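# Working through the structure, step by step
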Amino acid sequence: EVPTMAVEKVFVYNNTSIVQDEILAHRLGLIPIKADPRLFEYRNQGDEEGTEIDTLQFQLKIKCSRNPQAAKESSDPNELYFNHKVYSKHMTWVPLGNQTDLFPDADFRPVHDDILIALLRPGQEIDVLMHCVKGIGKDHAKFSPVATASYRLLPDITLLQPIEDEAAEKLQKCFSPGVIEIQNIKGKKVARVANARLDTFSREVFRHEGLKNLVRLARVRNHYIFSVESTGILPPDVLVSEAIKILMGKCQRFLNELDSVPME
């Protein structure tokens, strides 16, 4: 429910590529746009024309042509044609209204420049205008600010008795790199838990008869590790803080509803 900006409407003036208009519009909608959604308002329901406070406008106008300097025996499209690959870098921001004054230092653009949109051949062209609006992933996946978000409990690894020498080395191989380290104490190799957080809970140690009773695997019940992979629109720390604000707002609305209900 953390909002982002994404392409909502695509006005197709010319599209002679092999990509149908609907597919082209869908591909453009899924391109993450580098624009802080907190700077914009939600567009009102039913509004056809956007304004500078609720819409970002982008243009994509490109035409493929032959390269007259290409070698005759060449079969490489990169040598034979100009603009035969349409990338997200070809999308240009077209300010609406007084957006140039509102955002003097803004650099509204796709997050990545190398997202392939379509392939063209000589004579084919794409000329479209896009309107980006503010929305949430609950309504459509294109507004989702994260590629992957997951959480897990913090692993808790306890060695029930000292594990030394060959057993220590075998124990180290049972866990992810960095979980178990081997110390040299009085000429002996002794295993210790270095960083349980890195463990992936493979349970490999229980396959070894000599080790499975020497280790206890558990999880810290009140310690969660969140992994948030951003699409690049907003950094992960901002996404998490914004999500917490939304959750706090929901809790406050719930409490207000409870307070407003008359008690019998």
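Residues numbered from 1 in each chain as written. Predicted model: local features only at pLDDT ≥ 70, side-chain atom pairs only at ≥ 80, totals over all residues. Heavy atoms only, no water.

Moving on to the UniProt feature "domain: DNA-directed RNA polymerase RpoA/D/Rpb3-type" (unreviewed entry) in the protein chain. Following the UniProt record, the feature "domain: DNA-directed RNA polymerase RpoA/D/Rpb3-type" (unreviewed entry) maps to residues 1-257 here. Here residues 1-257 runs as 19% helix and 35% strand, with 21 Å between its end C-alpha atoms. (UniProt positions renumbered as here; feature names shortened; annotations may be inferred. Helix = DSSP H or I, 4+ residues; strand = E, 2+ residues; numbered from the N terminus.)

An ideal rise of 1.5 Å per residue puts 36 Å on 25 residues; helix 5 (residues 236-260) measures up with 36 Å between its terminal C-alpha atoms. Looking only at helix 5, the buried set comprises Val238, Leu239 and Glu242. The elements touched by buried residues of helix 5 are strand 11 (146-159) and strand 14 (215-230). (Expected span 1.5 Å × (residues − 1). Buried < 20%, exposed > 50% of the residue type's maximum accessible area, 1.4 Å probe, protein only. Contact = heavy atoms within 4.5 Å.)

A separate point is the pairing of strand 13 (residues 188-193). Bridge count between strand 12 (residues 180-185) and strand 13: 6 bridges; the pairing is antiparallel. Bridged to isoleucine 182 within strand 13 is alanine 191. Taken together, strand 12 and the strand that follows it, strand 13, pair antiparallel across an intervening segment of 2 residues, in which lysine 186 is found at a positive phi of about 55°. (Pairing = 2+ DSSP bridges.)

Before going further, it helps to spend a moment on the pattern of salt bridges. Applying the stated criterion across every chain yields a total of 11 salt bridges. A salt bridge links glutamate 169 to lysine 189, with the nearest nitrogen and oxygen atoms 2.6 Å apart. One end of the pair, glutamate 169, is in helix 4 (residues 165-174); the other, lysine 189, is in strand 13, with 20 residues separating them in the sequence. The class of glutamate 169 is partly exposed, set by a relative accessible area of 31%. We classify lysine 189 as partly exposed; its relative accessible area is 37%. Residues glutamate 181 and arginine 192 are paired through a salt bridge, measuring 2.4 Å at the closest nitrogen-oxygen approach. Here the residue glutamate 181 occupies a position in strand 12, and arginine 192 occupies one in strand 13, the gap between them amounting to 11 residues. A cluster of three or more residues bridged by salt bridges with shared partners is formed by Asp36, Arg38, Glu242 and Lys245. (Salt bridge = Lys/Arg side-chain N within 4 Å of Asp/Glu carboxyl O.)

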